[in-house]
Amino acid sequence: MQHFYNQALVSLLCLLLASGLIGYVCVDKTFMRVSLLPVSETDLQWKSEPHTDVYQGGSSQLKITDDTFSLNFNFTLTSQTQYPFAAVNLVFTGDNTEPELADLSAFDRIVFSAKCSTANTLSFAPLTFDEQVSKAGDFLTYRAPSTFFSCTSHWREIELDLTRLETPQWWFTMFKVDLSRKEYTLNKVAKLSFGSSFQTPMDTDSNVQLSEITLIGHNWFYLYLFGVLMLLLWGSYAVWLFRRHNQALIRTLRDKIQRDRPLVAYQQLSVEPLRDKDRSAILHFMATQYANADLSLDAMASEIGVSRTKINDILKSELGFTFTGYLNKLRLTEAARLLAQAEDANIAEIAYSVGYKNVSYFNKLFKEEFSCTPKIYKNLCDKTPGTST
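On a predicted model such as this, the values are computed, not experimentally measured, just so you know. (Residues numbered from 1 in each chain as written. Predicted model: local features only at pLDDT ≥ 70, side-chain atom pairs only at ≥ 80, totals over all residues. Heavy atoms only, no water.)

J.: Whenever I open this one, the overall build of the protein confuses me. Can you help?
T.: A count of helices and strands for the protein gives 11 helices and 11 strands. Here the protein has a C-alpha radius of gyration of 43 Å; the compact-globule value for 389 residues is 21 Å, and the former is much larger. For the protein, the spread of C-alpha atoms along the principal axes amounts to about 130 × 40 × 35 Å. Sequence-distant contacts, at least 24 apart, represent 72% of the contacts inside the protein between residues at least 6 apart. Looking at charge distribution, the protein has the averaged site of its 37 positive side-chain charges lying 11 Å from that of its 41 negative ones. (Helix = DSSP H or I, 4+ residues; strand = E, 2+ residues; numbered from the N terminus. Rg over C-alpha atoms; globule rule 2.2 N^0.38 Å. Contact = heavy atoms within 4.5 Å. Lys, Arg positive; Asp, Glu negative; His and termini not counted. Charge placed at Lys NZ, Arg CZ, Asp CG, Glu CD.)

So, in structure tokens, the structure goes:
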């Protein structure tokens, strides 16, 4: 059994290591973090571009000073147009740097740090392709659900919920879209826009710095996959452990039975001559009377005329047992033989037949001797040809 325990421990350690590695990979895949800045750490390709109200006849200005380590830009809004604005767009691109729609549906938050030279309220909006309205390349037709965040002269961490953005009313009005159709998707995003809002100070030079822009989301598929893999791995381990334990227990029982057989008096009496009268009397008496439930050391001493002390001394020197130990060895070995040979054996009847009045006590002694209950022992023997030989 020791070999089995060593195998089980090594297998358990390997399984724990494999589970840890699989869990790390699956959790990492489930809870995603994709950095947009700094550029050296991003998995999404994009390029920055300024966007102002100039095409509407305005004169607002915006200049990007850094888009590699942080998004750093200066802008000034003027009131020459009805709706002045200035923004920096992060335009998603393919390998050829041409604009391309990005699937951001797995992300539910965007986080970044923000700092402004002048206290400001800025806007954030992903431009998404709406299947029913948008025309490829005409960004005015793209749905632009947006939200706002405040920015001061001190660095502040911003976290925006991408699932609770509001589409501006002008878009519904311009394209005659029912106001109830507020749902939007992020599976086709052309660009992310960071820019001014209607609360941005006019005719004021403003500097904005955004750093560590990161998209955060989850993909539950990998967590479900982890659960399935763990179920298969640990289920397989449990089945393997059960089978290996049974095999190891059967081998242990076979070895024990083979070792114990020379100790059975009624077998010894038939194959070897006894050396003296007292030893012969003791072994013969126990071999023929062990099934007597009332057998005791005093009764035996009185019957064969040998003192209690001498009986114990002979049994200890010859077989290594006391009277009680050897009596239980005889009874339990015979019980094991009967359990292995008789398919319809009743455990209580066998217990009584070998000299035990209390079945619970018999079960306790049997388990101590064979490391399993009589019922399990019988089942193992029934399933394993040759165990009872």
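J.: Explain unusual backbone geometry to me, please; I cannot follow it from the model alone.
T.: For the peptide bond that leads from Leu-37 to Pro-38, omega is 0 degrees, which places it in the cis range. As for its position among the elements, Pro-38 is in the loop between β1 (31-35) and β2 (46-52). Notably, Glu-212 is not glycine yet its phi reads approximately 50 degrees, a positive angle. Among the secondary structure elements, Glu-212 is positioned in strand β11 (residues 206-218). Here the phi dihedral of Ser-371 falls at roughly 65 degrees; this positive angle occurs in a residue that is not glycine. We classify Ser-371 as exposed; its relative accessible area is 56%. (Buried < 20%, exposed > 50% of the residue type's maximum accessible area, 1.4 Å probe, protein only.)

J.: Where do I start with the packing of aromatic side chains in this structure?
T.: Any two aromatic rings considered together are summarised by their centre-to-centre distance and by the angle between their planes. Per the stated rule, a full pass over the model turns up 21 aromatic pairs. Measuring from centroid to centroid gives 6.3 Å for Tyr-55 and Phe-85, while their planes differ by 70 degrees, and the two rings are edge-to-face. With Tyr-55 in the loop between β2 and β3 (61-66) and Phe-85 in the loop between β4 (70-76) and β5 (86-92), the pair connects residues that are 30 residues apart, well separated along the chain. Note on Tyr-55: relative accessible area 54%, which makes it exposed. Chaining the aromatic ring pairs together yields one cluster made of Tyr-356, Tyr-361, Phe-362, Phe-366, Phe-370 and Tyr-377. (Phe/Tyr/Trp six-rings, centres within 6.5 Å; stacked < 30°, edge-to-face > 60°.)

J.: Can you walk me through the nonpolar core in this structure?
T.: Soluble globular proteins tend to bury their nonpolar side chains together. Grouped together as the largest cluster of nonpolar side chains are 38 residues, with contacts concentrated most on Ile-110, Phe-112 and Phe-194. In terms of residues, this core owes the most to one element, strand β6 (residues 107-116), which gives five residues. Listed in part, the 20 residues of the second largest apolar core include Leu-253, Phe-366, Phe-370 and Cys-372. (Core = buried A, V, L, I, M, F, W, Y, C linked by side-chain atoms within 4.5 Å.)

J.: Looking at this structure, I do not really get the pattern of salt bridges. What am I missing?
T.: Oppositely charged side chains can form a pair if their charged atoms are brought close together. Throughout the structure, instances matching the rule amount to 14 salt bridges. Residue Lys-188 is joined to Glu-131 by a salt bridge in which the shortest nitrogen-to-oxygen separation is 2.5 Å. Here the residue Lys-188 occupies a position in the loop between α2 (169-174) and β10 (189-195), and Glu-131 occupies one in the loop between β7 (120-128) and β8 (147-151), the gap between them amounting to 57 residues. Assessed through its relative accessible area of 28%, Lys-188 is described here as partly exposed. Salt bridges here are not isolated pairs; linked through shared partners, they connect Asp-108, Arg-109 and Glu-159. (Salt bridge = Lys/Arg side-chain N within 4 Å of Asp/Glu carboxyl O.)

J.: Looking at this model, I keep getting lost on the sheet that holds β2. Mind explaining?
T.: Adjacent strands of a sheet form backbone hydrogen bonds with each other and so pair up, either parallel or antiparallel. Spatially, five strands are ordered β2-β5-β10-β7-β8 in an open sheet, and the strand pairing comes out antiparallel. Lying at the two open borders of the sheet, with one neighbouring strand each, are β2 and β8. Mean inter-strand twist for the sheet, computed between neighbouring axes without regard to direction, equals 25 degrees. Two elements, β5 and β10, share five bridges in a ladder whose sense is antiparallel. From the neighbouring strand, Leu-90 faces β10, where its bridge partner is Leu-192. (Pairing = 2+ DSSP bridges. Axes fitted to C-alpha atoms, helices over the stretch in contact; angles between N-to-C directions.)

J.: So what exactly am I meant to see when it comes to the environment of Asn-120 here?
T.: Structurally, Asn-120 can be placed in strand β7. A sequence separation of 250 residues divides Asn-120 from Phe-370, and the C-alpha atoms of the two residues are 81 Å apart. In this structure Asn-120 touches Phe-75, Phe-149, Ser-150, Cys-151, Thr-200, Pro-201 and Ser-206, once residues within four positions along its chain are discounted.

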